[in-house]
Amino acid sequence: MANLAKLREQFDLPLIVLAFLVLLALERTEAFTLVEDELLSYRQTFRHAYGDQDAVQPLPNVRVIYTDEAFYEEYEAYPLRRVDLGKLILRLKAMGAALIGVDMLLDAPSAYGEDPELAAAMAEAGNVLLVSQAAFKDDVFQEMNYAVPAFTRSASSGYSNISSNSTLRETMVRLRVYPEVAESDGQWPFAVQAVSEYLGVRPELQDGVLKLGDALSVSLDQFNDFYIDFPKLKERFGGAGQLHLHEELGIYAGDILFVDEEEMMDLAYEVEGNIVLLGEVAEVAHDQFETPVGNIFGVNIIASEIDTILKGGPLKAVSDVMEWLIAALLMTCMLAVTQVASPLMRNVTSLVVLSAFVLASFVAYVQSGWIVSMTYNLSGIILALLFTNVRHYLSERGQKAYIREAFGQYLSPAVVEDLVKDPEKLSLGGEEREMTAYFSDIAGFSTFSEGMTPTELVHLLNEYLTAMCDVIIASGGTIDKFEGDAIIAFWGAPLPDPHHARQACFASLDMRDALGPLGQKWVAEGRPDVSVRMGVNTGRMVVGNMGSTQRVNYTIMGDAVNLASRLEGANKAFKSDLMISEATYAQCADDVDVRELDIIRVVGKEEPIRVYQLLERKGRTSGALADMVDAYHRGLDALRNEQFEDAVSRFEECLVLMPEDGPSSIQRARASRMRDDMGESRRSVDRRQGSRREGDWDGIFTLTEKG
């Protein structure tokens, strides 16, 4: 029963099977032809680059006689007159062309009485093939649109219908053979008719195969299409793209029409015994089509079709059975993936399956010309992964909801989220690791809150705490607790963060910046101006679930935590706002600008520490503040060297630059007292903010209050 329930929960399994079955049905109707043709373009590019280089080269049996802009400029007329078309046909016949295909629809009589002369030329040549058009209505064949009767009596014809299988984009990928046209009118595609006349055989359709004699056959797909194997062409000089087929295997029509017969026969070696196509490559003809290898003129597409047939149709769609086997294999792989619990491993495994299928499809196409339907199978893989991830997500969300419901009443939200990720952390205890602790407090909060009702005070505190905590959370910090207006937070847990000191400093700066607009708003509301003191320290501390078996809290403990609290209070002695320890600064010196405040001894600790005021992110301190910091450091050096007069001067310089600077005013007063003391008789001096006995002063600022 348990296994049955588990199977019911795995709703992704039947959805995956259904998806592959639906996609197999869609593959038969080629619903995603647009994407499939695009993937075919990439495969053809790889075939040209890495396939059998002899197989991808164009055959020399097909030559294109082309008219372009340069031809018409020299000809001084447009279009080509039919009498001159007849002249071209006769000259090509004289040069030994085995078949002359005319890619021009001559379905209207000439207005200049040229048709008899052209018809006579066709009859004299005896090997001319003209294009016709098959007319369809709602995909049902209606009739053939032939050339004018005078020409059809003198030449054979083949229909040049070619269209995209996609309704969204006109990309010419395949040539369709219409059995109904062959049965009713005995007509074949122009390229098929050209090859049949060239080889002297009759085309036949047998069980999805186009046969041209005993030696040549081309496999067709379920629509009676064959894929055109567009040949690889040479690069233009200077790497400016590939040549067009008529540029590589073509002859400029003017080199035949505008020269004498002796010059014409110099080109006979390129024509003799070959299929010759006469066609337009002038932009004005608007006879260009999109293909897997770029924009190609119509006559070049016909040449590629003939080339493909003469090669026996190198590109072949795999059989239905093979498509089903491939889909079944991929479906089996994705069904197995559903059992992988780890999201990372599940996605990586799916990516491996997808990549292997893509690679195999490309290799099959490049090496053997086998065409596997990629779009439908790729869609199946993606849908399978989507179904599986949704099922795992819903399952995990249910488990998380249970943990939140069961433990959310007596654990802090931060701890609950950590427990959701790792339920094994439910037991009491903690671990020691290096982290960065943060303490902050609103200066003069009692005065600030005077005159407020409890409701107003709560609203204001919520506004302040929300703004500050948004910054902490965004920086990857963890909020430990609130104690009135005080905030205690830390970086480096629950998730380890090697940059915890930097993140804590950046967050402190961002909180200071966020406090500005908030303070302006309060002043505008008639509240007193506020300032916040912050203390940051880095060191070894214990983090984890602390408390009793009835109630626990995810918190930090240790001397390093206590020092952070003392630094927050030490701001009061220096009239500073953001104090960090030397341990914190050592880890992020390349990331922040600071001012060294002093070497101090906090209440409860004998060991002195160097402390800094955090100013800005690295390189952002400029102007008067930067000048003041330089002067302050010079004053601090003078003070430590007992050059008290110089120290007073330096600190007064600071106050000229920034009159409201608290640390400068404190140090100036301190240096002034020591200077005055030097002028008195040798005696001990009250050392409430630092004391000295002449000759034994250690330069340490000893604090007597926590803050």
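Right above here is the structure, for reference.
Colleague: Can you walk me through unusual backbone geometry in this structure?
Modeller: Trans is the prevailing form of peptide bonds, just as negative phi is the prevailing case for residues other than glycine. Following Tyr78, the chain continues into Pro79 via a peptide bond in cis, with omega recorded as 0 degrees. Even without glycine at this site, Asp207 takes up a positive phi of about 50 degrees. Within the secondary structure, Asp207 is located in the loop between β7 (203-206) and β8 (209-212). Positioned with a positive phi, His286 is a non-glycine residue whose angle comes to about 50 degrees. Topologically, His286 is positioned in the loop between β12 (275-280) and β13 (288-291).

Colleague: What is the right way to read helix α21 (residues 454-474) from this model?
Modeller: Helical geometry: 3.6 residues make up each α-helical turn, so side chains three or four residues apart lie on a common side. Helix length check: α21, at 21 residues, gives a terminal C-alpha distance of 30 Å against a target of 30 Å (1.5 Å per residue), a fit within 8%. What α21 keeps buried is the set Leu460, Leu461, Tyr464, Leu465, Met468, Cys469, Val471 and Ile472. Buried positions in α21, seen along its axis, are confined to an arc of 155 degrees and lie on one side of it. In this structure, α21 carries Thr455, His459, Ile473 and Ala474 as exposed residues pointing more than 90 degrees from its buried face. A positive backbone phi angle near 90 degrees is found at Gly476, which sits one or two residues after α21.

Colleague: Looking at this model, I keep getting lost on the packing of helix α10 (residues 190-199) against helix α15 (residues 298-310). Mind explaining?
Modeller: Two quantities define a packed helix pair, namely the angle between the axes and the distance from one axis to the other. Interaxial distance between α10 and α15 falls to 9 Å at its minimum, and their mutual angle equals 50 degrees. On the basis of their axis angle, the class for α10 and α15 is oblique. For the crossing formed where α10 meets α15, the hand is right-handed. Side by side, α10 and α15 meet where Phe190, Ala191, Val192, Ala194, Val195 and Tyr198 of the first sit next to Ile302, Glu305, Ile306, Ile309 and Leu310 of the second. Among the residues forming the contact of α10 with α15, the class breakdown is ten nonpolar, no polar and one charged.

Colleague: I'm lost on the side chain of Ser440 in this one. Help?
Modeller: Of note, Ser440 is situated in strand β17 (residues 429-442). A relative accessible area of 1% places Ser440 in the buried class. For Ser440, the side chain forms a polar contact with the side chain of Tyr438, separated by 3.4 Å. Every residue in contact with Ser440, bar those within four places of it in the chain, is listed here: Tyr464, Asp485, Ala486, Ile487, Val532, Arg533, Met534 and Glu568.

Calculation criteria
- Residues numbered from 1 in each chain as written.
- Predicted model: local features only at pLDDT ≥ 70, side-chain atom pairs only at ≥ 80, totals over all residues.
- Heavy atoms only, no water.
- Helix = DSSP H or I, 4+ residues; strand = E, 2+ residues; numbered from the N terminus.
- Expected span 1.5 Å × (residues − 1).
- Buried < 20%, exposed > 50% of the residue type's maximum accessible area, 1.4 Å probe, protein only.
- Arc of directions from axis to C-beta.
- Axes fitted to C-alpha atoms, helices over the stretch in contact; angles between N-to-C directions.
- Parallel < 35°, antiparallel > 145°, perpendicular 65-115°, else oblique.
- Left-handed = near helix turned anticlockwise from the far one by under 90°.
- Contact = heavy atoms within 4.5 Å.
- Nonpolar A, V, L, I, M, F, W, Y, C, P; charged D, E, K, R; others polar.
- Polar contact = N/O pair within 3.5 Å; in protein donor to acceptor, adjacent residues only side chain to side chain.

By themselves, these figures tell us nothing about what the structure is for.
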